[in-house]
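Chain by chain, the residues run as shown.
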Amino acid sequence: MASAVREASIGDAPISVDRLLGLVREPAVGGVALFVGVVRDHDEGQGVTSLDYTAHPSAQAALAACAERVAQAHDVLTVAVEHRVGHLEVGDLAVVVATGAVHRAEALAACRQLIDDLKSEVPIWKEQAFAGGGVAWVGLPAADET
């Protein structure tokens, strides 16, 4: 049986929601779920001016594995996910997850699981630049885990 994963990628170019949406649409798909992660202007009470995402060399394989596992765990027909790395400004798209299924419930469940699994398992870290000066890293493994 062919994989439902149409794309699982990490790149530095702006993400096209329309392109990923097109990857999960096909005649048998009756419900599409879409998650779009956007760089916001604040975090933990501080103004954020920009982010820089960095991916570990294993991140691409980890993302593909997450996408395959979610596709197999849910009754979906299509899955596409892309995460951006590099410098992003407030309002830029950081991640897009799209899933297609015969019915909405399966598409929604798979979309939610994939973004949650991506956030917890794929080694992509962000360095936030704050409006008041200074930076903070988010998602780095604890020092005792390295």
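Position numbers for residues start from 1 in each chain and track the written sequence from start to end. For a predicted model such as this one, the threshold for reporting local features is a pLDDT of at least 70, and the threshold for listing and counting side-chain atom pairs is 80 or more; totals across whole chains, interfaces and linings nevertheless cover every residue. Hydrogens and water are ignored here; the side-chain numbers use all heavy atoms of the structure.

**A closer look at the pairing of strand β7 (residues 93-101)**
Stage number 1. Within β7, eight of the nine residues are buried, which leaves it mostly tucked inside the rest of the structure.
Stage number 2. Any two strands with at least two DSSP-identified bridges between them are counted as paired. Numbered from the N terminus, helices here are DSSP runs of H or I no shorter than four residues, and strands are runs of E no shorter than two. Inspection of the sheet shows strand β2 (residues 31-38) paired to β7 by eight bridges, in the antiparallel sense. Along β7, the bridge assignment pairs valine 38 with leucine 93.
Stage number 3. By the bridge criterion, six bridges tie strand β5 (residues 78-84) to β7 in an arrangement that is antiparallel. Looking at β7, one finds that valine 79 is bridged to threonine 99. Relative accessibility thresholds used throughout: buried, under 20% of the residue-type maximum; exposed, over 50%; partly exposed, between the two (1.4 Å probe, protein chains only).

**With respect to the sheet that holds β5**
Stage number 1. Strand order across the open sheet formed by four strands is β1-β5-β7-β2, with mixed pairing between neighbours. The outermost strands of the open sheet, each flanked by one partner alone, are β1 (5-11) and β2. Ignoring strand direction, the axes of neighbouring strands in this sheet form an average angle of 5°.
Stage number 2. In the packing of helix α2 (residues 59-73) onto the sheet, contacts are made with β1 and β5, and the angle to β1 comes to roughly 155°. Axis geometry follows a simple rule: fit a line to the C-alpha atoms, using only the stretch in contact for helices, then measure angles between N-to-C directions, giving values from 0 to 180 degrees. Should any heavy atoms of two residues lie within 4.5 Å, those residues are counted as being in contact.

**Comments concerning the environment of alanine 28**
Stage number 1. Summarising the element assignment, alanine 28 is placed in the loop between α1 (17-24) and β2.
Stage number 2. Residue classification places alanine 28 among the partly exposed residues on the basis of a relative accessible area of 44%.
Stage number 3. Between the C-alpha atoms of alanine 28 and glutamate 127, which are 99 residues apart in sequence, the distance is 41 Å.

**Details of the packing of α2 against helix α3 (residues 104-121)**
Stage number 1. Axis separation between α2 and α3 bottoms out at 10 Å; the angle between their running directions is 150°. Taken together, the axes of α2 and α3 lie roughly antiparallel to each other. Judged by the twist between their axes, the crossing of α2 over α3 is right-handed. On α3, the residues that touch Ala62, Leu63, Cys66, Ala67, Arg69, Val70 and Ala73 of α2 are Ala110, Gln113, Leu114, Asp117, Leu118 and Glu121.
Stage number 2. Under the convention adopted here, Pro, Cys and the residues Ala, Val, Leu, Ile, Met, Phe, Trp and Tyr are nonpolar, Asp, Glu, Lys and Arg are charged, and Gly plus all remaining residues are polar. Taken together, the residues that form the contact of α2 with α3 break down as nine nonpolar, one polar and three charged. Any angle that is under 35 degrees is reported as roughly parallel, and any over 145 degrees as roughly antiparallel; angles of 65 to 115 degrees are reported as roughly perpendicular and all others as oblique. Whether a crossing is left-handed or right-handed is set by the direction in which the near helix is turned from the far one by less than a right angle, anticlockwise for left-handed and clockwise for right-handed.

**Quick look at the environment of alanine 65**
Stage number 1. Within the element layout of this structure, alanine 65 appears in helix α2.
Stage number 2. Of the residues examined, alanine 65 reaches a relative accessible area of 41% and is grouped as partly exposed.

**Structural notes on a nonpolar patch on the surface**
Stage number 1. For patch detection, residues must exceed 30% relative accessible area and be free of salt bridges, and they are connected within 9 Å for like charges or within 5 Å for nonpolar side chains (Val, Leu, Ile, Met, Phe, Trp, Tyr). Reported accessibility uses the Shrake-Rupley method at a 1.4 Å probe radius. Residues are deemed covered only where the shown protein chains occlude them. We count a salt bridge whenever a side-chain nitrogen from Lys or Arg sits within 4 Å of a carboxyl oxygen from Asp or Glu. Together, Leu34, Val36 and Val38 make up a nonpolar patch on the protein surface, roughly 210 Å² of accessible area in all.
Stage number 2. In this fold, valine 38 is placed in strand β2.

**Thoughts on unusual backbone geometry**
Stage number 1. For glutamate 44, which is not a glycine, the phi torsion comes out positive at approximately 50°.
Stage number 2. By secondary structure assignment, the location of glutamate 44 is in the loop between β3 (42-43) and β4 (46-55).
Stage number 3. Taking the relative accessible area as the measure of exposure, glutamate 44 reaches 74% and is therefore exposed.

**Observations concerning the state of the cysteines**
Stage number 1. In this description, the term disulfide denotes a pair of cysteine sulfurs within 2.5 Å. Counted according to the given criterion, the structure contains zero disulfides.
Stage number 2. Here cysteine 111 is not disulfide-linked; the sulfur of cysteine 66 is the nearest cysteine sulfur, at 14 Å.
Stage number 3. When its relative accessible area of 6% is taken as the criterion, cysteine 111 is described as buried.

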